[in-house]
Amino acid sequence: MQASELRKFLATVQLWRGLPEDQLDALAKIAIAQTYPKGKVIFEDGDEGRGFFVVKSGRVKVYKLSIEGKEQILHLFGAGEHFAEVPAFDGQCFPASAAAIEKSELLFFPRTEFLALLEQHPTLTINILAIFARHLRRFAQIIENLSFKEVPGRLAVYLLYLSDRNDQSNEVELDMTKTQLAAFLGTIPETLSRVFAKMSQDGLIAIEGSKIQLLNRERLIVLAEG
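Residues numbered from 1 in each chain as written. Predicted model: local features only at pLDDT ≥ 70, side-chain atom pairs only at ≥ 80, totals over all residues. Heavy atoms only, no water.

### A look at the domain arrangement of the protein chain
Moving on, step 1. Domain boundaries assigned for the protein chain yield domain 1 (3-129) and domain 2 (148-225).
Moving on, step 2. Inter-centroid distance (C-alpha atoms) of domain 1 to domain 2 is 29 Å.
Moving on, step 3. The partner domain 2 presents 8 residues to the 9 residues of domain 1 that form the contact.
Moving on, step 4. When the two sides are added together, the surface that domain 1 and domain 2 hide from each other amounts to roughly 680 Å², 54% of it contributed by carbon and sulfur. (Domains from an automatic or database assignment. Contact = heavy atoms within 4.5 Å. Buried area = accessible area lost by both parts, 1.4 Å probe.)

### A few points about the UniProt feature "domain: HTH crp-type" (unreviewed entry) in the protein chain
Moving on, step 1. With numbering aligned to this structure, UniProt lists the feature "domain: HTH crp-type" (unreviewed entry) at residues 149-218.
Moving on, step 2. Here residues 149-218 is 53% helix and 16% strand, with 18 Å between the C-alpha atoms at its ends. (UniProt positions renumbered as here; feature names shortened; annotations may be inferred. Helix = DSSP H or I, 4+ residues; strand = E, 2+ residues; numbered from the N terminus.)

### As for the pattern of salt bridges
Moving on, step 1. Counted according to the given criterion, the structure contains 7 salt bridges.
Moving on, step 2. A salt bridge links Asp-45 to Lys-64; the nearest nitrogen and oxygen atoms lie 2.8 Å apart. A residue pair is termed long-range when its members are at least 10 positions apart, and Asp-45 in the loop between strand E2 (41-43) and strand E3 (51-57) and Lys-64 in strand E4 (residues 60-65) qualify at 19 residues.
Moving on, step 3. According to the relative accessible area criterion, Lys-64 is partly exposed, its value standing at 32%.
Moving on, step 4. When the shortest N-O distance is used, the salt bridge between Asp-202 and Lys-198 registers 2.7 Å. (Salt bridge = Lys/Arg side-chain N within 4 Å of Asp/Glu carboxyl O. Buried < 20%, exposed > 50% of the residue type's maximum accessible area, 1.4 Å probe, protein only.)

### Remarks on the sheet that holds strand E11 (residues 211-214)
Hydrogen bonds along the backbone pair up the strands of a sheet, which may run parallel or antiparallel.
Moving on, step 1. Strand order across the open sheet formed by 3 strands is E9-E11-E10, with antiparallel pairing between neighbours. The open sheet has two edge strands with one neighbour each: strand E9 (171-173) and strand E10 (205-208). Strand after strand, the sheet turns through a mean of 25 degrees between neighbouring axes, direction not considered.
Moving on, step 2. Here E9 pairs with E11 via 3 bridges, running antiparallel. Across the sheet, residue Glu-171 finds its bridge partner in E11, namely Gln-213.
Moving on, step 3. Strands in contact with helix H6 (residues 151-165) are E9, E10 and E11; relative to E9, the strand with the most contacts, it is inclined by about 105 degrees. (Pairing = 2+ DSSP bridges. Axes fitted to C-alpha atoms, helices over the stretch in contact; angles between N-to-C directions.)

### Side note on the packing of aromatic side chains
Moving on, step 1. Under the criterion given, the structure shown has 11 aromatic pairs.
Moving on, step 2. Plain terms: the ring middles of Phe-43 and Phe-94 are 3.7 Å apart, the flat faces sit at 15 degrees to each other, and that makes the pair stacked. Remark: Phe-94 occurs in the loop between helix H3 (85-90) and strand E7 (97-100) and Phe-43 occurs in strand E2; sequence separation between them is 51 residues. Residue Phe-43 shares its accessibility class with Phe-94, and that shared class is buried. (Phe/Tyr/Trp six-rings, centres within 6.5 Å; stacked < 30°, edge-to-face > 60°.)

### Notes on the sheet that holds strand E8 (residues 104-110)
Moving on, step 1. In spatial order, the strands read E1-E8-E3-E6; together these 4 strands make up an open sheet with antiparallel pairing. Each of the sheet's edge strands pairs with one partner strand only, and the pair in question is strand E1 (32-36) and strand E6 (82-83).
Moving on, step 2. Pairing between E3 and E8: 6 bridges, direction antiparallel. From the neighbouring strand, Phe-52 faces E8, where its bridge partner is Phe-109.
Moving on, step 3. Strands E3 and E8 of the sheet are contacted by helix H4 (residues 111-120), whose axis makes an angle of about 65 degrees with E8.

Put into structure tokens, the structure is as follows:
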């Protein structure tokens, strides 16, 4: 990737929107391009946190595995999104695993070089603190959903999230397979299929492949809040 193309891409990343060109150039100089085929593990829970990543193309899942091998997807990251920033700051190990769920191009930012940049450009630090605050809110919501809501409520939260992300459209499209969605919602595919079927029978949604019509937003909201 040419330097000008890389700088243009970095300017679209939420973490660095609004930064002057000289700071984008500095970031581009330390970025290391990496490509991962579908299914390839990027790092594992407990690996040394040597830096963080930005997705240029493709999608990545960050997940935890239980002792029994059950997978809990914590988040999916797509183009322009970034992950594994915390170990880049505290120098500790990665607290979860990450893998490409489709062929993915990533930019890797080594910890030592990135921290040196932060010392030179405080604006970068302010942007990252804001991002950390948003991530903490998201993980607090995940914990609440898994701890206090049954599977139908978790699914309702997710469908409403997809709708809100698309200007409250009543037609949404799943951005992961149903197996991955089950792992994300902390359940198993069989249970998720039954919940989808029940919601359809009750007139809350209509399913056509990966596309889902939200037929009764009010009842979905009640289910999500319950």
